[in-house]
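The lines below spell out each chain.
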Amino acid sequence: MRFEPAKRPLTGETLESLATALAGIGEKPFRATQILDWVYKKRARSWDDMTNLPKALRSWLEAEFTLMPASLVLNRHSADVTDKLLLELEDKSLIETVIIRAPQDGVGPDHSRKTICISTQVGCAMGCVFCASGLAGLKRDMSAGEIVAQLLQVCYAEDLRTPRARSELASFDNIVVMGMGEPLANYDALIRALTIVNAPWGLGFGARRITVSTSGLVPKIIMLADEPIGFRLAISLHGATDEVRSQIMPVNKAFPLAKLIPAVKTFTERHGRMVTLEFILIADVNDSLDQARRLRDIALDLHAHVNLIPYNTVEGLPWKRPEVAKQVAFAEVLDRSGVSVTLRREKGHDIAAACGQLRLKTEREREAAPFH
Ligand code: SAH
Ligand code: SF4
């Protein structure tokens, strides 16, 4: 399921693909470098900003490409740690991109570390029973240009707030692909987008600061392990046995733990980096001490970090987070055995939880206050 826009988004072009398009009209390859420099380094907001390009070339670009395929509808800057950009794509689909600030001691809020949570699909087809993103199914895949556009929109917003250091192209510290959608189900667009984000002619953003989160599409995890660029990987585990995992994540029927765990091992071996296991704690579903012990064994086997996330209630769904004492007891089982584990206790501050609930809110808001 794709959306075919009339013009290609410029944010989906690589240096090579743009140079090829330019060669078609007899332009030299250095023009591609100039154009992408305007997009990512100088943050041009209109074709006319690109003053070192001949006017005829600017007109050609305008006829062929969309400069920005996601327009900002709303920037909800909050006193809390998360900001949300509500973006509208060309087919009027709405997506949210989240900025999560981790305040640092001794500096103002504008200098906090920023993690950007991006979406890869409009909706999601995976059907995890606890998740808001999948409630209405999958509307469509996002294009590489749309995925990259989210980050440029964050740059525009952040450039206004904090003048960035000259050496820093991006106005943030980490990217997590944990928004709407299953990133590995939109593999080609994801890799193309992250290649653009990583490239020196793009945002020049380090691969080690980019985390891709997946519900566990095993063949795609193995493909990701073979990619030349070493992104970080997070697995949404949420169940430490097939019985529990299959109850809440239909993907486990196709790719049960006996397939998932070796795939994660392959990834770790190729990249030599710790994988993160995300585990949302849902009361009376996966929060027993037996699950904790089994999760501990998996984490030790994989040398993985475990991120325990108390479930964030979704309106219309019956699931709840366990009592704090139960969360702590669960975490202690892992901690006592030397597993590297984090448990977020403040409501709404966890990155995965903050990003994991986008779709429902966006759609409900649209119903409450239609933009069109
Ligand atoms: N599809 C990918 C990435 C997007 S979901 C994946 O599943 O990994 C990002 C994270 O948010 C996942 O770990 C997901 O399980 C989690 N999540 C979804 N709904 C949540 C909720 N209500 N509370 C807390 N975390 C949630
Ligand atoms: Fe899709 Fe991830 Fe939500 Fe599952 S948890 S429905 S894979 S977005």
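For the structure, check the block above.
The rules behind these values
- Residues numbered from 1 in each chain as written.
- Chains lettered and ligands numbered in written order.
- Predicted model: local features only at pLDDT ≥ 70, side-chain atom pairs only at ≥ 80, totals over all residues.
- Heavy atoms only, no water.
- Near = heavy atom within 4 Å.
- Polar contact = N/O pair within 3.5 Å; in protein donor to acceptor, adjacent residues only side chain to side chain.
- Areas by Shrake-Rupley, 256 points an atom, 1.4 Å probe, with all protein chains shown as cover.
- Helix = DSSP H or I, 4+ residues; strand = E, 2+ residues; numbered from the N terminus.
- Nonpolar A, V, L, I, M, F, W, Y, C, P; charged D, E, K, R; others polar.
- Core = buried A, V, L, I, M, F, W, Y, C linked by side-chain atoms within 4.5 Å.
- Buried < 20%, exposed > 50% of the residue type's maximum accessible area, 1.4 Å probe, protein only.
- Domains from an automatic or database assignment.
- Pairing = 2+ DSSP bridges.
- Axes fitted to C-alpha atoms, helices over the stretch in contact; angles between N-to-C directions.
- Contact = heavy atoms within 4.5 Å.

### What to know about the site of ligand 1
(1) Moving on: Of all residues adjacent to ligand 1, which total 20 residues, the nearest are Gly181, Ser213, Ser236, His238 and Asn312.
(2) Moving on: Taking glycine 181, its main chain carries an N or O atom lying 2.9 Å from a nitrogen atom of ligand 1.
(3) Moving on: Within the backbone of threonine 214, an N or O atom sits 3.5 Å from an oxygen atom of ligand 1.
(4) Moving on: Bound to the protein, ligand 1 loses 96% of the 540 Å² it would expose on its own.
(5) Moving on: Of all the secondary structure elements, the ones that give two or more residues to the shell around ligand 1 are strand E10 (210-214) and helix H12 (351-355).
(6) Moving on: Among the residues making up the shell around ligand 1, the classes are represented as nine nonpolar, ten polar and one charged.

### Quick notes on the nonpolar core
Within soluble globular proteins, side chains that are nonpolar generally end up buried alongside one another.
(1) Moving on: Counting residues in hydrophobic clusters, the biggest one holds 114 residues, and the most contacted among them are Phe172, Leu277, Leu295 and Leu308.
(2) Moving on: By residue number, the principal contributor to this core is helix H4 (residues 144-161), which donates ten residues.
(3) Moving on: Residue assignment places this core across two domains, with domain 1 (8-66) and domain 2 (71-368) each supplying three or more.
(4) Moving on: Core analysis: the next-biggest nonpolar cluster, separate from the first, contains six residues, Ile100, Cys117, Val176 and Ala234 among them.

### Here's the deal with the site of ligand 2
(1) Moving on: Every residue lining ligand 2 is accounted for by Cys124, Met126, Cys128, Phe130, Cys131, Ser133, Gly181, Glu182 and Ser215.
(2) Moving on: A class-by-class count of the residues in the shell around ligand 2 yields five nonpolar, three polar and one charged.

### Notes on the sheet that holds strand E12 (residues 276-281)
(1) Moving on: Taken in spatial order, the ten strands make up an open sheet running E3-E4-E5-E6-E9-E10-E11-E12-E13-E14, and their pairing is mixed. Both edges of this open sheet fall to strand E3 (70-76) and strand E14 (341-343), since each of them pairs with a single strand only. Taking the axes of each pair of neighbouring strands and ignoring which way they run, one obtains an average angle of 20° across the sheet.
(2) Moving on: Relative to E10, strand E9 (residues 174-177) runs parallel, the two sharing three bridges. Within the sheet, the bridge partner assigned to valine 177 lies in E10 and is valine 212.
(3) Moving on: Sheet strands in contact with helix H11 (residues 324-336) are E12, strand E13 (305-310) and E14, and its direction is about 170° off that of E14.

Note that all results are geometric; they support no functional claim without further evidence.
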